[in-house]
Every structure is written in structure tokens, then in C-alpha cells.
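Examination of the molecular architecture
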Amino acid sequence: MTDKGLEEFWAEFFAIAHTSQGGPEMLFRGVTDIAHELIPSIGRGTREGTCGDSTTLESNMLSEFKRLTVPILKQPPSSEFEWLFLAQHYGLPTRLLDWSSNPLVALFFATEREDDRDGVVYYLRHPVSDQYHLFDYRVACYTSEAAKAPSGRIAIQPEQGSVIFVRPRYTDERYVNQRSVFSCPKDPFTPPAFKGLKRLSVKAVWKEEIRRRLRVLGISNSYMYPGIAGVASELRSLMFNPVASGRLQMLTLRAEIQLT
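Note that the structure is a prediction, hence the values are computed from the model and not measured.

1. Quick word on the overall build of the protein
When you go through the protein residue by residue, the secondary structure sums to 9 helices and 8 strands. Looking at the 260 residues of the protein, the share that counts as buried comes to 42%. Considering only contacts in the protein between residues 6 or more positions apart, those separated by 24 or more positions represent 75%. For the protein, the computed accessible surface area is about 15,100 Å², with 54% contributed by carbon and sulfur atoms.

Structure, rendered in C-alpha cells:
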């Protein structure tokens, strides 16, 4: 039976995805649990342990990350922001929050797991800078050097000084496929107040069907996470998880032939 609510969601989602009004590009973020706020990983559960200032924790982790990875990197990052991108990519808690310019990517992340919880897709129009070398990620504003230039007197993003959006160089296949963009706040403990931020709820009961539709559109675990890890993740999603959750029963039939 067709779920009318899902079909209405599907239509609304694609209407949003295909809206073209010019100006700043549309950005999307998918979250598997609608209760989760727009707080980056370094700000989750650490406010009390850092007395509301994550600077030392962040600095210590990044310093150790650099020390341990430089010997194994063929080409170490050339800027602080690039170190932050690399750390985020490999799961180190940072103040970066993942967004995408591809709405299907956000929908994938909103439905990837936690089938017992409603998800959400956030979206907004916002300027994005490819010139991340101009910014100091700790203050979400220009570096002291960039601020000295005549152009440094003018903010190029509406919430600059509070939060900025930057796009990494797509040197990794995962960034290419996920069309990665990151928001970078000055305060990683408080959800930023983006002007024009909207959201679209994704009911838990829709997640499995949405994942099926996304696979038809080419958006799957192996696409989102290129490489062997992505293949294993996709097989887990398609074959193991349905059995483990009780949605599918898989029987093994054995036959014994006795020759006399």
C-alpha cells in the first residue's frame, strides 16, 4: 500500500531540491535523529568538561593528530583549515558540521540508520567560500593578515564572526561524491541562528523505503563511502540489518542425500 504521507514528502522534497532563485546556493544537512541539534562533534557533551571553551581540547587534539599523521601522509595539509578538514574526514571531533550542495546526499544521511527515530533534512541558502585560507576557524572570521587587506573590511558572509561556510578542495573521492561543504562556528556549543533555515521531517517508518529509492538513484553506501568500507557498509545495510532488526527472515535449507 502506498504511504500517502511518504509520497507527499517525496514531492515536497524534490520541489525544494529543484527550486532555483539565483543568489547563494542551497545547502542541505541530513540528521538521522530529529532531536539532535546543529552542534558539531567537539561541542557535544564537552561544555562542562571544558568550562565552555573548547580551545585547549581542540588545540591539543589537532597538535597530536598532526604529530602522528605527518609521517604517514604523502602530502601533509598546507593550512590550518586543511588540517581541520582532514581531521573531520577521519572522525576526529572538530567544530566543523557537514553540509552538502546535493539534496540527495542529505536525505541519505537523514535515513542512513536509526529506523526507530524520525530524521530531518535542514536546508538554507547561504554563501560559501572556497578561499578558506582567508579565515581563522577559531573565530569564524578573517585571519589577522587577511583583515589588513582593503577587502578585509567587508564581511563576505552574513553571520561572519559567528559562523562561516567553507568548501574544501575536492582532493578526496568522498568529498566529490558527497559534495561536501562545512559550517564552522565560533561557538561550537550553541546551535547557530541561521537566517532562513528550514527543515523537512523524515518519519522513521519511511526510512527503509527512502533508502531503496535512493539506491535506484545511485545514492548508496558504496557511493557515499567509496572503497571497500563502503561496499561492506552497503552489504550490511542490505543484507544483515534487515535480519538483525526482524524485518526479514532468511532461512537456510539443507538437503541430505543418502546413497544405498
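Once the structure has been displayed, the description carries forward.
2. Overview of the packing of helix α1 (residues 4–17) against helix α7 (residues 207–216)
It is at 11 Å that the axes of α1 and α7 come closest, and there the two elements cross at 45°. Taken as axis vectors, α1 and α7 run oblique relative to one another. Seen from above, α1 lies across α7 with right-handed handedness. For the pair α1 and α7, contact is made by Leu 6, Glu 7, Phe 9 and Trp 10 and by Glu 209, Ile 210 and Arg 213, respectively. Looking at the contact of α1 with α7 residue by residue, the class counts come to 4 nonpolar, no polar and 3 charged.

3. Points about the pattern of salt bridges
What the rule picks out here adds up to 15 salt bridges. Here Arg 213 makes a salt bridge to Glu 209, at a shortest N to O gap of 2.8 Å. With Arg 213 and Glu 209 both in helix α7 and 4 residues apart, this pair spans about one turn of that helix. On the basis of relative accessible area, Arg 213 is assigned to the buried category, the value being 15%. Glu 209 gets classed as partly exposed once you look at its relative accessible area, which sits at 24%. It is possible to trace a salt-bridge network through shared partners that takes in Glu 7, Glu 209, Arg 212 and Arg 213.

4. A look at the side chain of Ser 129
Within the secondary structure, Ser 129 is located in the loop between β3 (119–125) and β4 (135–136). For Ser 129, a relative accessible area of 6% gives the class buried. Of the polar contacts made by the side chain of Ser 129, one reaches the backbone nitrogen of Gln 131; its length is 3.1 Å. Once you skip the residues sitting within four places of it in the chain, Ser 129 turns out to touch Phe 135, Ile 156, Gln 157, Phe 165, Val 166 and Arg 167.

5. Section: the pairing of strand β1 (residues 26–31)
Counting buried residues along β1, 6 of its 6 residues qualify, which places the element largely inside the surrounding structure. Judged by which residues are buried, β1 turns out to be covered on both faces: Met 26, Phe 28 and Gly 30 on one side and Leu 27, Arg 29 and Val 31 on the other are all buried. Here β1 runs beside β3; their pairing, made up of 6 bridges, is antiparallel. The residue of β3 that forms the bridge with Val 31 is Val 120.

6. Concerning the packing of aromatic side chains
To describe a pair of aromatic rings, you give the distance between the ring centres and the angle between the ring planes. The tally for this structure, following the rule as stated, stands at 18 aromatic pairs. When the ring of Phe 9 is compared with that of Phe 13, the centres are 6.1 Å apart and the planes differ by 20°; the resulting orientation is stacked. With Phe 9 and Phe 13 both in helix α1 and 4 residues apart, this pair spans about one turn of that helix. A single burial state applies to Phe 9 and to Phe 13, both of which are buried. Among the aromatic residues, ring-to-ring pairing joins Phe 9, Trp 10, Phe 13, Phe 14 and Trp 206 into one connected group. The ring of Trp 10 has Arg 213 lying over it, and the distance from NZ or CZ to the ring centre is 5.1 Å.

7. Considerations on the environment of Asp 136
For Asp 136, the location among the structural elements is in strand β4. Note: C-alpha distance between Asp 136 and Cys 184 (48 residues apart in sequence) is 9.8 Å. Setting aside chain neighbours within four positions, we find Asp 136 in contact with Cys 141, Tyr 142 and Thr 143. Of the polar contacts made by the side chain of Asp 136, one reaches the backbone nitrogen of Arg 138; its length is 2.9 Å.

8. Re the packing of α1 against helix α4 (residues 103–111)
Here α1 crosses α4 at 140°, and the two axes come no closer than 10 Å. Taken as axis vectors, α1 and α4 run oblique relative to one another. Between α1 and α4, the residues in contact are Phe 9, Trp 10, Phe 13, Phe 14 and Ala 17 and Pro 103, Leu 104 and Leu 107, respectively. The class makeup of the residues in the contact of α1 with α4 is 8 nonpolar, no polar and no charged.

9. Looking at α7
Those residues of α7 that sit buried are Lys 207, Ile 210, Arg 211, Arg 213 and Leu 214. Burial along α7 is one-sided: seen end-on, the buried residues are contained in an arc of 165°.

Calculation rules
- Residues numbered from 1 in each chain as written.
- Predicted model: local features only at pLDDT ≥ 70, side-chain atom pairs only at ≥ 80, totals over all residues.
- Heavy atoms only, no water.
- Helix = DSSP H or I, 4+ residues; strand = E, 2+ residues; numbered from the N terminus.
- Buried < 20%, exposed > 50% of the residue type's maximum accessible area, 1.4 Å probe, protein only.
- Contact = heavy atoms within 4.5 Å.
- Areas by Shrake-Rupley, 256 points an atom, 1.4 Å probe, with all protein chains shown as cover.
- Axes fitted to C-alpha atoms, helices over the stretch in contact; angles between N-to-C directions.
- Parallel < 35°, antiparallel > 145°, perpendicular 65-115°, else oblique.
- Left-handed = near helix turned anticlockwise from the far one by under 90°.
- Nonpolar A, V, L, I, M, F, W, Y, C, P; charged D, E, K, R; others polar.
- Salt bridge = Lys/Arg side-chain N within 4 Å of Asp/Glu carboxyl O.
- Polar contact = N/O pair within 3.5 Å; in protein donor to acceptor, adjacent residues only side chain to side chain.
- Pairing = 2+ DSSP bridges.
- Phe/Tyr/Trp six-rings, centres within 6.5 Å; stacked < 30°, edge-to-face > 60°.
- Lys NZ or Arg CZ within 6 Å of the ring centre and 35° of its normal.
- Arc of directions from axis to C-beta.

It is worth stressing that arrangement in space is one thing and function is another; only the former is reported here.
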